[in-house]
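Working through the structure, step by step
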Amino acid sequence: QVQLVESGGGLVQAGASLRLSCAASGRTDRPYAKAWFRQAPGKEREFVAAISWTGTTTYYADSAKGRCTISSDNAANTVYLQMNSLKSEDTAVYTCAAKWDAGTRLGILPNQYTYWGRGTQVTVSS
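Residues numbered from 1 in each chain as written. Predicted model: local features only at pLDDT ≥ 70, side-chain atom pairs only at ≥ 80, totals over all residues. Heavy atoms only, no water.

1. Regarding the overall build of the protein chain
When you go through the protein chain residue by residue, the secondary structure sums to zero helices and eleven strands. Against the compact-globule benchmark of 14 Å for 126 residues, the protein chain has a radius of gyration of 13 Å, which places it among compact chains. Taken along its principal axes, the extent of the C-alpha atoms in the protein chain is 40 × 25 × 25 Å. Counting only residues that meet the buried cut, the protein chain has 41% of its 126 residues in that class. Here the protein chain carries 13 positive and 9 negative side-chain charges, and the mean point of each set is 2 Å from the other. (Helix = DSSP H or I, 4+ residues; strand = E, 2+ residues; numbered from the N terminus. Rg over C-alpha atoms; globule rule 2.2 N^0.38 Å. Buried < 20%, exposed > 50% of the residue type's maximum accessible area, 1.4 Å probe, protein only. Lys, Arg positive; Asp, Glu negative; His and termini not counted. Charge placed at Lys NZ, Arg CZ, Asp CG, Glu CD.)

Written out as structure tokens, the structure is:
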């Protein structure tokens, strides 16, 4: 099993940047792909970005392209989400997820991921 703990959220003004972190513990020697999802109040959970175990493959939601960068540091067992030019509509709880990386296409649906963190709140004021 893998345990995931997010950090880095907070209250920022529109246009600011944040870097979220997702620290993994447990069976970090296993090849798990990671992803970030977010959920705003009253809305369904939506995919933001994903990264393969090796870090060589990434995939972004259209809303994240050009503004977000997902990266990983396997030595530190941590995945990051750098978010720039934040908008009020980015306000949500951001959650890290992990799934077995079988070398196939990165998943974008929540039900494709096995392990979840508790999330970190990001609030962007306009």
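There's plenty left to go through after this.
2. Quick look at the packing of aromatic side chains
Summed over all chains, the structure comprises seven aromatic pairs. Their ring planes at 75° and their centres at 5.7 Å tell us that Phe37 and Phe47 sit as a pair that is edge-to-face. Note that Phe37 is positioned in strand 4 (residues 32–39) and Phe47 in strand 5 (residues 46–51), a separation of ten residues in sequence. Taking relative accessible area as the criterion, Phe47 reaches 9% and is therefore assigned buried. (Phe/Tyr/Trp six-rings, centres within 6.5 Å; stacked < 30°, edge-to-face > 60°.)

3. Here we look at the state of the cysteines
Under the counting rule described, the total for this entry stands at one disulfide. Bridging Cys22 to Cys96, the disulfide has an S-S length of 2.1 Å. Between Cys22 and Cys96 the disulfide shows an S-S torsion of about -80°. By sign, it is left-handed. Of this pair, Cys22 sits in strand 3 (residues 18–26) while Cys96 is found in strand 9 (residues 92–100), placing the two residues 74 residues apart along the sequence. Of the two residues, Cys22 and Cys96, neither departs from the other in class, the shared state being buried. Of all cysteine sulfurs, the one in Cys96 lies closest to Cys68, which takes part in no disulfide; the gap is 14 Å. Since its relative accessible area comes to 10%, Cys68 is described here as buried. (Disulfide = S-S within 2.5 Å.)

4. A short note on the pairing of strand 5
For strand 5, the tally of buried residues reaches five of six residues, placing the bulk of the element in the interior. Looking at chain direction, strand 4 and strand 5 are connected through five bridges and run antiparallel. Across the sheet, residue Ala35 finds its bridge partner in strand 5, namely Ala50. Where strand 5 and strand 6 (residues 58–60) come together, three bridges link them in antiparallel fashion. Note that in strand 6 the partner of Ile51 across the bridge is Thr58. (Pairing = 2+ DSSP bridges.)

So far we have only geometry, and geometry alone does not tell us how the molecule works.
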